[in-house]
Amino acid sequence: MSPADALADAGRRLVAAGLSPGSSGNVSVLDGDRILISGTGSSLGRLSEADLAHVGLDGTHLGGARASKETPLHVAFYRRDAAFRAVVHLHSPHAVALACLEPWAVHNAVPPLTPYFVMRVGQAPLLPYRHPGDPALGDDLLAAPWPLRAALLASHGAVVAGADLDEAVDRATELEEACRIALLTAGSPRRELTPDQIAELARRWDSPWTPEP
């Protein structure tokens with residue numbers, strides 16, 4: 001499957017899962033020495049070659065459609081870690097809702113309620129509020145002092161990276177589910193995973209997690 005076809009397939013799956021309302025969200029994949037990213041205003045469920053922008057690793061527009069205004073988020077993840085080859089940014093409803101609340105901890109906005117969140121996502125800090133398209137969103141992601149492969153953007157949504165598009169989509173889906181469960185259990189006497197349980201899961205699944213002080 002070509003990178004363009006893989007992006008179109010990823011977009012369809014995200015829309016089918018209810019994670020990309022309207023024309024919101026954007027997806028990208030590394031294609032050699034450039035980034036292929038969905039264009040501004042495009043619907044993830046109907047991506048075609050004409051909807052994709054070619055962007056340099058420094059964020060420079062190289063051709064194709066007009067790049068999403070959230071391109072700095074994608075560039076930042078690729079700059080953080082060469083292992084990341086695909087990025088998904090969504091305004092999925094439960095991630096947005098949780099991003100409007102105070103974070104569970106400074107290094108993780110999402111409480112560790114299920115092993116799957118720790119295994120598949122790892123910690124997802126809440127980054128500061130910036131208006132959509134602010135290049136400082138990328139700066140914040142790049143400068144975050146914790147190991148991560150996902151983050152919530154205050155009052156905005158989620159951004160997730162993976163080794164390929166399948167992993168990035170799966171990770172974004174798991175993050176949305178973790179946010180949903182956190183909201184469903186809010187206000188109840190819930191049982192979180194213990195530090196030892198989290199450490200064992202993070203070690204076994206090589207997931208980023210910073211122990212609480």
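For the structure itself, look to the data block above.
Keep in mind the model is a prediction, meaning the values are calculated, not measured. (Residues numbered from 1 in each chain as written. Predicted model: local features only at pLDDT ≥ 70, side-chain atom pairs only at ≥ 80, totals over all residues. Heavy atoms only, no water.)

Participant: Whenever I open this one, the environment of L30 confuses me. Can you help?
Facilitator: For L30, the location among the structural elements is in strand β1 (residues 26-31). Distance from L30 to G56, taken between C-alpha atoms, is 9.8 Å for residues 26 residues apart in sequence. In this structure, L30 is in contact with I35, L57, Y78, F84 and R85, ignoring residues within four places of it in sequence. (Helix = DSSP H or I, 4+ residues; strand = E, 2+ residues; numbered from the N terminus. Contact = heavy atoms within 4.5 Å.)

Participant: What exactly am I supposed to notice about the environment of V121 here?
Facilitator: With respect to the secondary-structure elements, V121 resides in the loop between α4 (115-120) and β6 (126-127). Sequence separation between V121 and S24 is 97 residues, and the spatial gap between their C-alpha atoms is 22 Å. If near-sequence neighbours (up to four positions away) are discounted, V121 is found in contact with Y116, R149, A150, R171, E174, L175 and P208.

Participant: Looking at this structure, how should I read the packing of aromatic side chains?
Facilitator: Within a pair of aromatic rings, the relevant descriptors are the distance that separates the centres and the angle that separates the planes. Inspection of every chain in the model, using the stated rule, returns 3 aromatic pairs. Ring plane angle 80 degrees and centroid distance 5.3 Å describe the contact between F77 and F84, whose orientation is recorded as edge-to-face. Residues F77 and F84 agree in their burial class; the two are buried. Aromatic pair W104 and W209: ring centres 6.5 Å apart, planes at 55 degrees, arrangement tilted. Of this pair, W104 sits in the loop between α3 (93-98) and α4 while W209 sits in the segment after α7 (195-205), and the two are 105 residues apart along the sequence. Through successive ring pairs, a cluster of aromatic residues spans W104, F117 and W209. (Phe/Tyr/Trp six-rings, centres within 6.5 Å; stacked < 30°, edge-to-face > 60°. Buried < 20%, exposed > 50% of the residue type's maximum accessible area, 1.4 Å probe, protein only.)

Participant: Help me understand the side chain of S92 in this model?
Facilitator: Relative to the elements of secondary structure, S92 occurs in the loop between β5 (86-90) and α3. With sequence-adjacent residues up to four places away left out, S92 is seen in contact with L19 and E176.

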